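# Notes for the structure review
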Amino acid sequence: MDFLQPRSWSDALAAKTNRPDAQPLAGGTDVLVDLNFDRHRPAALLDLGRIGELAGWSRDDDALRLGAGLTYTIAAAELVDDLPGLAMAARTVGSPQIRNRGTIGGNLGSASPAGDAHPPLLAAGAEVELASAAGSRRVPIREFFLGPKRNALAPDELIAAVLVPRATGPQQFAKVGTRNAMVIAVCSFALALHPDHQRVGTGIGSAGPVPLVADDAECFCEGALAESDLWSTRAAIEESTRRRFGELVAAAARPIDDVRGSAAYRSHALSVLAARALGWAWADYRRS
Amino acid sequence: MRGDRSLRATSSRPTRQRPAAPVTPVTGGLGESARRPDATLKVKGEFAYSSDLWAEGMLWGTTVRSPHPRAKIRSIDVSEALMVAGLATVLTADDVPGRKTFGMEVPDQPVLAWGDIRYQGEAVALVAADHPETARRAAALVRVDYEVLDPVVDAEAAMAPDAPALHPSGNVLKHVKVRHGDQQPTADVVVTGEYEVGMQDQAPLGPESGLAIPDGEGGIDLYVATQWLHVDHDQLVASLDLRPAQIRMTMAGIGGAFGAREDISIQIHACLLALRTGRPVKMSYSRQESFVGHVHRHPARLQYEHGATRDGRLVCVKTRIVFDGGAYASSSNAVCLNAATFACGPYEVPNATIDCYVTYTNNPPCGAMRGFGAVQACFGYESQMDKLAAALGMDPVELRLANAMREGTSLPTGQRVEGPAPVAEILRSLRAMPLPPNADGAGEAERDLRELPGGVSNTTHGEGVRRGVGYAVGYKNIAFSAGFDDYATARVRLSVVAGEPIAEVHSAAAEVGQGVVTLQLQIVRTELGVQRAVVLPADTQVGSAGSSSASRQTWMTGGAVKAACEAVRERVLALAASKLGATGRLVLADGAVLVADAGAAPTRVSTLADLLGAEVVEETVEYRHAPTEDLDPETGQGNAHVGFAFAGHRAVVDVDTELGLVKVVEMATAQDVGRALNPQAVEGQLQGGTAQGLGLALMEEIQISGGKVRNPSFTDYLIPTILDMPPVRMDILELGNPVSPYGVKGVGEPPTISSPAAVAAALRAATGRALRRIPVRPEHITGLLETRTDAVPDDPTKPARISAETQ
Ligand SMILES: Cc1cc2nc3c(=O)[nH]c(=O)nc-3n(C[C@H](O)[C@H](O)[C@H](O)COP(=O)(O)OP(=O)(O)OC[C@H]3O[C@@H](n4cnc5c(N)ncnc54)[C@H](O)[C@@H]3O)c2cc1C
């Protein structure tokens with residue numbers, strides 16, 4: 001196995017063009033597990049750890065740019081105001097060691113339906129910036145996930161960053177697991193309220209072949225909020241609205257039975273999580 | 001201290017004698033929380049585990065395992081594997097020189113399979129190469145042609161007359177019958193229940209690993225982390241076809257055991273490879289291999305029928321327990337016997353009908369794990385006690401108190417309980433402990449997510465959360481039972497090195513983390529009054545210590561070390577009498593021989609250094625507990641156990657009833673430990689055992705489908721984290737034990753026995769659901785998944801259903 005260690009982003013892109021069979025290595029928290037379990041024997045590893053510009057995040061007006069190398073530790077600490085849904089999700093990832101190493105780009109690279117960064121990025125309406133030596137392109141995050149552990153990356157491409165609007169309203173993330181820490185999601189749900197556009201964003205994790213968006217639930221909720229003019233009155237949301245929202249989120253899921261939980265439980269739990277998350281987010285909005 | 005000062009005063013006067021060495025009182029003796037010698041190394045990450053072993057020029061061994069739970073091997077083709085550069089050898093069943101099977105109780109498991117494959121993960125061939133990766137690649141090239149057969153994956157189905165026989169002896173490995181009192185009793189109130197326990201794993205963090213080094217003369221040295229060196233040694237002698245002296249085993253640094261290391265894993269394989277290649281061979285399982293490379297806790301189905309009078313006195317217990325033993329016997333027979341003898345719980349039960357079975361299936365082999373048959377039974381009988389209390393309209397603790405076993409109680413096996421049996425005291429202690437405050441009062445915003453079900457995963461801010469409290473009490477035998485010749489050997493040697501007395505202890509007791517090394521040091525310090533003490537590496541150069549299992553080492557090896565110290569002391573004091581003419585009541589303390597006559601201040605006769613000079617006093621002792629007997633095969637009567645330990649738990653849980661997520665708020669335990677020789681170590685056992693029981697109640701399960709393990713990694717075999725395991729409130733009772741050294745009882749297993757049942761009871765109290773299966777999954781709490789056992793209707797007035805087997 002070859003080990004490639006470019007010092008700059010352009011070198012990395014060049015290396016990926018020359019060696020499309022090289023597997024990018026960020027925090028290694030997925031790659032090294034796969035190597036240890038002997039699931040995967042890449043011909044080469046392309047270590048992105050030396051490329052400083054991947055690591056941070058920046059804000060330009062209301063647009064955030066999250067480097068692919070942004071770790072969960074930093075996301076949880078620094079994005080609490082600008083992207084609270086992602087910060088909350090980051091806080092639930094693994095253990096401190098994993099949060100120190102694991103990156104948002106790595107989560108997208110693995111494209112596991114259970115990846116915790118995905119639902120909040122879906123709810124927030126993010127785009128993924130993919131780059132190759134030939135140039136770069138932006139893919140709406142919904143189109144990035146193609147199947148279980150499959151994504152829109154071309155063999156010569158790397159993930160450069162995630163571009164996402166700064167939060168203009170409350171966001172929530174909730175994840176069900178069978179223990180209280182260090183657990184892969186049995187299912188998860190993210191919600192973002194966008195009062196500026198009077199829109200509602202959702203993201204569902206670990207309840208389908210790819211992370212999902214609950215379109216019908218979003219429409220229903222937007223309709224219910226608009227109908228009673230709640231965005232401006234900031235009055236309470238009906239319990240029945242929250243319940244219906246939960247049902248529609250559950251209906252958008254395409255869960256399976258597996259070792260972590262049954263499909264029926266996943267659907268049920270999503271309906272509960274979504275109803276609760278809407279309640280919390282709306283309570284935040286009313287206070288804001 | 002006083003003696004100390006007067007001594008210095010004496011030595012400051014001119015004298016022809018050599019000045020005596022300064023005397024400091026011995027510390028780290030019995031009753032103190034002496035520090036583990038490996039503590040600092042472990043905290044600093046410098047401790048050498050068996051997986052860290054290394055020898056110059058060593059090869060790496062790996063195992064080729066069957067992917068099928070049931071199959072016949074048509075042929076094995078190793079030719080491709082042999083071509084891999086760096087490969088040293090490939091071995092199959094034909095290469096096993098001696099007995100081709102192994103097993104602690106029944107040698108029914110092939111060292112390397114030929115003919116039949118009986119479980120997924122069964123070892124078929126061995127490979128050694130100069131690099132672990134090379135070995136793995138070569139192993140993948142060993143072509144085994146299997147005729148795949150339908151596995152038998154259900155213990156009940158395995159007992160059916162038309163089930164295919166997985167072993168020549170048939171599929172029922174053992175049936176223990178206990179018949180006690182009236183077999184056709186009538187009772188005012190009868191409750192029936194059916195329960196299920198999933199397959200728990202010991203989940204030791206250290207994988208099975210070891211290093212075998214050939215001695216160049218046909219013999220071998222094996223360094224391995226195990227629970228019982230000598231039982232491994234016996235099996236090595238048989239399968240390697242060597243003389244006992246040709247095989248020397250030394251205990252290596254262990255990363256947990258909990259029963260998983262009672263059976264052979266790499267031992268025979270590593271030696272076979274090393275003897276064949278003439279080079280040191282290291283084997284170390286991957287995590288996945290570890291999950292199929294050791295036995296698990298038996299899954300069980302338990303049917304119960306409890307009868308009682310209206311005022312809550314137990315009249316009868318009928319039970320039928322079926323264990324899935326998996327593919328090979330391991331310690332299934334003893335687990336089955338244990339479960340049968342404890343099936344009614346620590347209660348006075350005048351009439352009992354107990355049938356306990358363990359069967360062969362094509363599931364992974366099951367064997368020893370902390371609690372050993374008593375854990376499964378406790379979940380059954382304690383669930384029943386709660387159900388009975390509900391049927392009677394009684395408080396569950398009151399019902400238990402009314403029926404609590406005590407000293408002198410006759411067990412269903414006819415055995416009288418000798419010594420303290422403080423079941424009622426334990427229950428009262430638990431009930432009297434203050435309950436943790438209910439967090440309901442705090443406003444939503446103030447609640448730390450970590451205190452709620454789901455933790456920082458942010459699933460509830462208090463919605464759906466209900467509190468429940470549950471109690472359970474259990475008991476278990478200590479040390480080996482049923483007529484087994486149970487003994488432990490220790491050698492103690494006292495000598496003077498560099499002017500200071502030093503005691504060396506040599507035993508084969510396996511330090512599995514429980515602290516038996518520390519304990520041996522504490523015993524010699526106290527018994528011989530010397531500060532400097534060393535425990536030599538456990539190996540087979542000294543007699544057997546028996547297994548570090550059955551909560552027995554403090555009693556057994558502790559007893560052997562104590563007895564060896566007494567023998568050494570006797571000789572030293574005799575020497576003091578003969579050499580120095582000392583008279584009176586002589587004792588050893590603070591590195592000296594003292595006269596300690598009643599009513600007088602002790603005076604020093606001589607320092608040990610002066611007395612012994614170059615002399616070495618060494619004694620080896622074999623310690624045995626009182627003999628036990630096997631149960632009568634028809635009636636199950638007999639004094640099978642030498643002693644019992646009792647523990648109880650109170651669990652307080654917060655349950656998110658809508659999501660089925662759980663936060664255990666507090667675990668409280670009361671346990672009679674006889675005597676706490678190392679209080680901190682005792683606390684550690686209580687905490688750890690409680691955690692392992694909590695794990696079984698809430699999450700720990702090897703999930704199997706069609707005989708295949710679905711979650712052989714810590715990604716999906718979940719064990720409790722710090723956010724799942726609350727602080728443990730402990731009441732450690734020290735009521736002594738008339739038949740053991742220092743009045744100890746075993747400590748390691750009891751905390752695991754009642755902890756799962758207490759958690760389940762608390763969950764039932766919070767949710768109102770029957771919860772007849774552990775681990776309880778969110779699906780059960782939310783009512784989305786009915787287990788097989790949940791389908792049984794709940795009718796306390798139902799007539800007796802369990803028919804006793806007749807011969
Ligand atoms: C103990 C443990 C607990 C975990 N818990 C969680 C959890 O709670 N939630 C969760 O979501 N995940 C969890 N994970 C999985 C893992 O930590 C995450 O998926 C993490 O985001 C991976 O990031 P990484 O930087 O370590 O990626 P790596 O392992 O380095 O890479 C992951 C994948 O992404 C590719 N990749 C990385 N960077 C790029 C790039 N810039 N361009 C293109 N491809 C790239 C790699 O080639 C690889 O395919 C856990 C893992 C472990 C070991």
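Residues numbered from 1 in each chain as written. Chains lettered and ligands numbered in written order. Predicted model: local features only at pLDDT ≥ 70, side-chain atom pairs only at ≥ 80, totals over all residues. Heavy atoms only, no water.

## What about the domain arrangement of chain B?
Residues and elements named next belong to chain B. If you check the domain split of chain B, you get domain 1 (59-150 + 207-254 + 261-293), domain 2 (300-480 + 630-791) and domain 3 (487-624). Placing the centre of domain 1 and that of domain 2 at their C-alpha centroids yields a distance of 37 Å. Taken together, the contact pairs 21 residues of domain 1 with 26 residues of domain 2. Carbon and sulfur atoms make up 60% of the area that domain 1 and domain 2 hide from each other, which totals about 1,900 Å². Of all residues in domain 1, Glu105, Asp108 and Phe291 bury the most surface against domain 2, accounting for 31% of the area lost on that side. Applying the counting criterion to the domain 1 and domain 2 interface returns zero salt bridges. (Domains from an automatic or database assignment. Contact = heavy atoms within 4.5 Å. Buried area = accessible area lost by both parts, 1.4 Å probe. Salt bridge = Lys/Arg side-chain N within 4 Å of Asp/Glu carboxyl O.)

## Some thoughts on the site of the ligand
Residue and element names in this part refer to chain A. Neighbouring residues of the ligand: 33 residues in total, closest Pro24, Thr29, Asp30, Tyr72 and Thr103. A distance of 2.9 Å separates an oxygen atom of the ligand from a polar side-chain atom of asparagine 107. Here aspartate 116 contributes a side-chain N or O atom positioned 2.7 Å from a nitrogen atom of the ligand. Contact with the protein chains covers 88% of the free accessible surface of the ligand, which is 970 Å². In terms of residue count, the dominant contributor to the shell around the ligand is helix α6 (residues 104-110) (four residues). By residue class, the composition of the shell around the ligand is 16 nonpolar, 13 polar and four charged. For the shell around the ligand, the domains that each give at least three residues are domain 1 (1-47) and domain 2 (171-287). (Near = heavy atom within 4 Å. Polar contact = N/O pair within 3.5 Å; in protein donor to acceptor, adjacent residues only side chain to side chain. Areas by Shrake-Rupley, 256 points an atom, 1.4 Å probe, with all protein chains shown as cover. Helix = DSSP H or I, 4+ residues; strand = E, 2+ residues; numbered from the N terminus. Nonpolar A, V, L, I, M, F, W, Y, C, P; charged D, E, K, R; others polar.)

## Some points on the interface of chain B and chain A
Frequently, the measure chosen for interface size is the accessible area removed from exposure when the parts meet. Chain B puts 41 residues into the contact, and the matching count from chain A is 32 residues. When chain B packs against chain A, close to 3,100 Å² is buried across both sides, 52% of that on carbon and sulfur atoms. On the chain B side of the interface with chain A, the three residues burying the most area are Ser457(B), Asn458(B) and Leu659(B), jointly 17% of the side's total. The interface formed by chain B and chain A holds four salt bridges in total. Between Asp656(B) and Arg276(A) there is a salt bridge whose closest N-O contact spans 2.6 Å. Viewed at the interface, chain A and chain B are joined by 20 residue pairs in polar contact (both at pLDDT 80 or more). Partitioning the side of chain B that touches chain A into residue classes produces 13 nonpolar, 15 polar and 13 charged.

## Some details on the packing of aromatic side chains
Applying the stated criterion to the full structure yields 18 aromatic pairs over all chains. Taken together, a centroid distance of 6.1 Å and an interplanar angle of 70° make the contact between Phe189(A) and Phe245(A) edge-to-face. Within this pair, whereas Phe189(A) is found in strand β12 (residues 187-194), its partner Phe245(A) is found in helix α11 (residues 239-252), the two being separated by 56 residues in sequence. For the pair Phe189(A) and Phe245(A), one class covers both residues: buried. Summarising the aromatic geometry, the rings of Phe342(B) and Phe644(B) are spaced 6.4 Å apart at their centres and angled 90° between planes, so their arrangement reads as edge-to-face. Here Phe644(B) lies in strand β28 (residues 644-656) and Phe342(B) lies in the loop between α9 (332-341) and β18 (351-360), a separation of 302 residues in the sequence. Phe644(B) shares its class with Phe342(B); the two are buried. Through a chain of ring-to-ring contacts, three or more aromatic side chains come together here, namely Phe342(B), Tyr475(B), Phe644(B) and Phe646(B). Over the ring of Tyr285(A) we find Arg234(A), and its NZ or CZ is 4.2 Å from the ring centre. Between the NZ or CZ atom of Arg552(B) and the centre of the ring of Phe480(B), over which it lies, the distance is 4.8 Å. (Phe/Tyr/Trp six-rings, centres within 6.5 Å; stacked < 30°, edge-to-face > 60°. Buried < 20%, exposed > 50% of the residue type's maximum accessible area, 1.4 Å probe, protein only. Lys NZ or Arg CZ within 6 Å of the ring centre and 35° of its normal.)

## Quick word on the sheet that holds strand β13 (residues 199-205) of chain A
All names here are of chain A. Strand order in the open sheet formed by three strands is β11-β12-β13, with antiparallel pairing between adjacent strands. The outermost strands of the open sheet, each flanked by one partner alone, are β11 (171-176) and β13. Within this sheet the neighbouring strands show an average axis-to-axis angle of 10°, counted without direction. Here β12 runs beside β13; their pairing, made up of seven bridges, is antiparallel. (Pairing = 2+ DSSP bridges. Axes fitted to C-alpha atoms, helices over the stretch in contact; angles between N-to-C directions.)

## Side note on unusual backbone geometry
The peptide bond linking Ile774(B) to Pro775(B) adopts the cis configuration, its omega dihedral lying at -5°. Structurally, Pro775(B) can be placed in the loop between β33 (773-774) and α18 (778-781). Even without being a glycine, Lys149(A) presents a positive backbone phi close to 60°. Inspection of the secondary structure assignment puts Lys149(A) in the loop between β8 (145-147) and β9 (150-151). Overall, Lys149(A) belongs to the exposed group, its relative accessible area being 60%. Non-glycine residue Ser551(B) carries a positive phi angle of around 50°. As for its placement among the helices and strands, Ser551(B) is situated in the loop between β23 (532-535) and α14 (553-580). Residue class for Ser551(B) comes out buried when judged on its relative accessible area of 13%.

## Notes on the sheet that holds strand β5 (residues 63-67) of chain A
Residue and element names in this part refer to chain A. If you trace the five strands from one edge of the open sheet to the other, you get β4-β5-β10-β6-β7, paired in antiparallel fashion. On the outer flanks of this sheet lie β4 (57-60) and β7 (135-140), each paired with one strand and no other. Averaged over all adjacent pairs, the angle separating strand axes in this sheet is 25°, with direction ignored. Summarising the sheet, strand β6 (residues 127-132) and β7 pair through six bridges and their orientation is antiparallel. The residue bridging serine 132 from the neighbouring strand is glycine 135, located in β7.

## Observations regarding empty space enclosed by the protein
All names here are of chain B. One pass over the structure, following the stated rule, counts four cavities of 30 Å³ or more. Estimated volume of the largest cavity: approximately 290 Å³. For the largest cavity, the lining is made up of 26 residues, of which Phe102, Gln109, Ile264, Ser265 and Gly293 are closest to its centre. Of all elements in the fold, only β5 (109-110), α7 (267-277) and α8 (287-293) reach the threshold of two or more residues within the lining of the largest cavity. Per-class residue counts for the lining of the largest cavity are 14 nonpolar, seven polar and five charged. Composition of the lining of the largest cavity by domain shows at least three residues from each of domain 1 (59-150 + 207-254 + 261-293) and domain 2 (300-480 + 630-791). (1 Å grid on protein atoms, 1.4 Å probe; cavity = no way out; pocket = protein on both sides within 12 Å on 5 of 7 lines; lining within 4 Å. Points joined across faces, edges and corners; volume = space filled by probe spheres on them.)

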